[in-house]
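Now for the letters of each chain:
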Amino acid sequence: MPKLSIGIPVFNGQEFLPELLDSLLAQTFREFEILICDNASNDRTPQICCEYERRDSRIHYIRNERNLGAIANYNRVFELSTAPLFKWAADDDLYHEAYLDACVRLLEENPDIILAHTGTAFIDEKSEILPFEQRTGSFIDPKTGRRYWADVPSIGDTPVAINRFWQVLTRARWGTHMFGVVRREILQQTSLLPNFGGSDRAMLAELALLGRFRCANERLFLKRFHANVSSALNHEELKGFLSTDGKRYSRRLRQIKAFFGAPRGKPIGLVSKWVCFMLVAAHSAKTTVQLVGQNDPRRAAHGYGWPGALAPGLRRRTPG
């Protein structure tokens with residue numbers, strides 16, 4: 001059995017998937033398997049996956065009979081894994097060749113660490129790293145001038161569970177820690193990804209109550225911005241991309257429910273659980289005020305967050 005299972009959930013990933021697979025196969029750490037879970041793609045994704053599967057015995061291709069939605073596909077690829085360590089990999093991101101080595105070493109040398117990751121850099125459609133401004137610590141999109149701040153590596157790296165929980169609530173802007181390497185037995189103790197936009201932070205909040213995160217400072221994880229990224233979808237399109245069940249729901253209510261439910265069943269004590277409930281209430285109130293007052297820093301002209309929804313004509317695939 002390999003030490004690590006890498007799960008790649010994909011739908012119509014022909015544009016960037018080969019580059020991701022090349023970056024993973026070039027890793028200096030070699031004891032892994034790659035599980036590709038294809039969500040009934042209708043482009044060249046199946047042919048690409050079969051070609052790589054023939055090329056390297058560590059790659060295993062699974063195709064869903066129908067599109068389950070992105071959330072269910074992410075959860076399914078984890079459930080198909082068997083190795084003691086696991087990581088998700090989005091089909092459009094890239095990794096420096098030393099990424100897995102750095103993460104696995106952190107976990108092996110620190111038994112109290114449950115999730116290992118590295119610093120993050122942002123790249124564009126051509127895989128070029130966005131210019132970094134040392135003065136502000138931000139990456140700048142040359143096309144728009146917009147600044148992006150990566151999640152700080154120190155999120156979750158404290159022995160106090162409540163502090164880790166609060167850091168995820170307030171500082172995990174992108175939720176990129178979910179693409180780190182995690183101990184499988186710990187991830188099994190969470191609800192995995194619930195069905196709503198931004199569910200990565202809800203899962204990370206559960207993980208934060210189960211143990212410490214640790215990140216190498218080097219920027220070895222490369223997160224890509226491109227026209228088809230899920231953050232370019234509007235709210236209704238994003239719902240259709242994440243789930244194909246057609247159910248109508250309030251993202252905000254599901255998010256609050258997930259955060260309030262995160263402490264249940266976690267080994268942190270009754271007082272700590274009540275503190276977590278109060279932290280969620282305080283953070284939810286603050287976020288609501290920001291949204292009502294249109295002061296959400298994620299949407300500000302020079303905010304830290306998403307590029308925002310694109311006009312349908314600017315996208316090159318149908319969400320699903």
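Our structure is the block above this text.
Just so you know, these numbers come straight off a predicted model, no measurement behind them. (Residues numbered from 1 in each chain as written. Predicted model: local features only at pLDDT ≥ 70, side-chain atom pairs only at ≥ 80, totals over all residues. Heavy atoms only, no water.)

Student: Residues and numbers for the pairing of strand 11 (residues 212-224), please.
Tutor: With two bridges connecting them, strand 5 (residues 94-95) and strand 11 associate as antiparallel partners. Residue pairing in the sheet places L94 in a bridge with L222 of strand 11. One ladder, built from 10 bridges, connects strand 6 (residues 113-123) with strand 11; its direction is parallel. When the sheet's bridge partners are listed, L115 is paired in strand 11 with F213. (Pairing = 2+ DSSP bridges. Helix = DSSP H or I, 4+ residues; strand = E, 2+ residues; numbered from the N terminus.)

Student: Got a sec to walk through unusual backbone geometry? Specific residues and values, please.
Tutor: Within the chain, N12 stands out as a residue other than glycine whose phi angle is a positive 50 degrees. Counting through the fold element by element, N12 comes out in the loop between strand 1 (4-10) and helix 1 (17-25). Look at N12 and you get buried, because its relative accessible area is 13%. In this structure, L192 is a non-glycine residue whose phi angle is positive, near 60 degrees. Tracing the backbone shows L192 in the loop between helix 6 (184-187) and helix 7 (199-208). Residue classification places L192 among the buried positions, given a relative accessible area of 10%. (Buried < 20%, exposed > 50% of the residue type's maximum accessible area, 1.4 Å probe, protein only.)

Student: Got a sec to walk through the nonpolar core? Specific residues and values, please.
Tutor: If you look at the biggest cluster of nonpolar residues, it comprises 80 residues, and the most contacted ones within it are I8, I34, W88 and L207. Sort the elements by how many residues they give to this core and helix 4 (residues 99-109) lands first, with seven residues. Here I8 is in contact with L17, L20, L21, L24, I34, L35, I36, C37, V77, A89 and D91, once residues within four sequence places are set aside. Judged by nonpolar contacts, the second largest core, of 11 residues, contains L94, A121, F139 and A150. (Core = buried A, V, L, I, M, F, W, Y, C linked by side-chain atoms within 4.5 Å. Contact = heavy atoms within 4.5 Å.)

Student: Tell me about empty space enclosed by the protein, residues and numbers included.
Tutor: Applying the stated rule across the entire model yields two cavities of 30 Å³ or more. In this structure, the second largest cavity occupies an estimated 40 Å³ of space. Lining of the second largest cavity is provided by F86, K87, W88, L115, H177, M178, G180, V182, L187, M203 and L207. Those elements that provide at least two residues to the lining of the second largest cavity are strand 4 (85-88) and helix 7. Along the lines of polarity and charge, the residues of the lining of the second largest cavity split into eight nonpolar, two polar and one charged. (1 Å grid on protein atoms, 1.4 Å probe; cavity = no way out; pocket = protein on both sides within 12 Å on 5 of 7 lines; lining within 4 Å. Points joined across faces, edges and corners; volume = space filled by probe spheres on them. Nonpolar A, V, L, I, M, F, W, Y, C, P; charged D, E, K, R; others polar.)

Student: Now, about the pattern of salt bridges: what can you tell me, with residues and values included?
Tutor: Counted under the stated rule, the structure contains 13 salt bridges. The salt bridge involving R147 is made with E133; its shortest N-O contact spans 3.0 Å. With a gap of 14 residues between them, R147 in strand 9 (residues 147-148) and E133 in strand 7 (residues 132-133) connect regions that are remote in the sequence. Among the residues examined, E133 registers a relative accessible area of 17% and is labelled buried. E206 serves as the salt-bridge partner of K266, at 2.8 Å between the closest nitrogen and oxygen. In this pair, K266 is assigned in the loop between helix 9 (251-261) and helix 10 (270-292) and E206 in helix 7, connecting sequence segments 60 residues apart. Take K266 and E206: they sit in the same class, and that class is buried. One network of salt bridges, in which partners are shared, links D112, D157, R212 and R214. (Salt bridge = Lys/Arg side-chain N within 4 Å of Asp/Glu carboxyl O.)

Any functional reading would require information beyond the geometric quantities listed.
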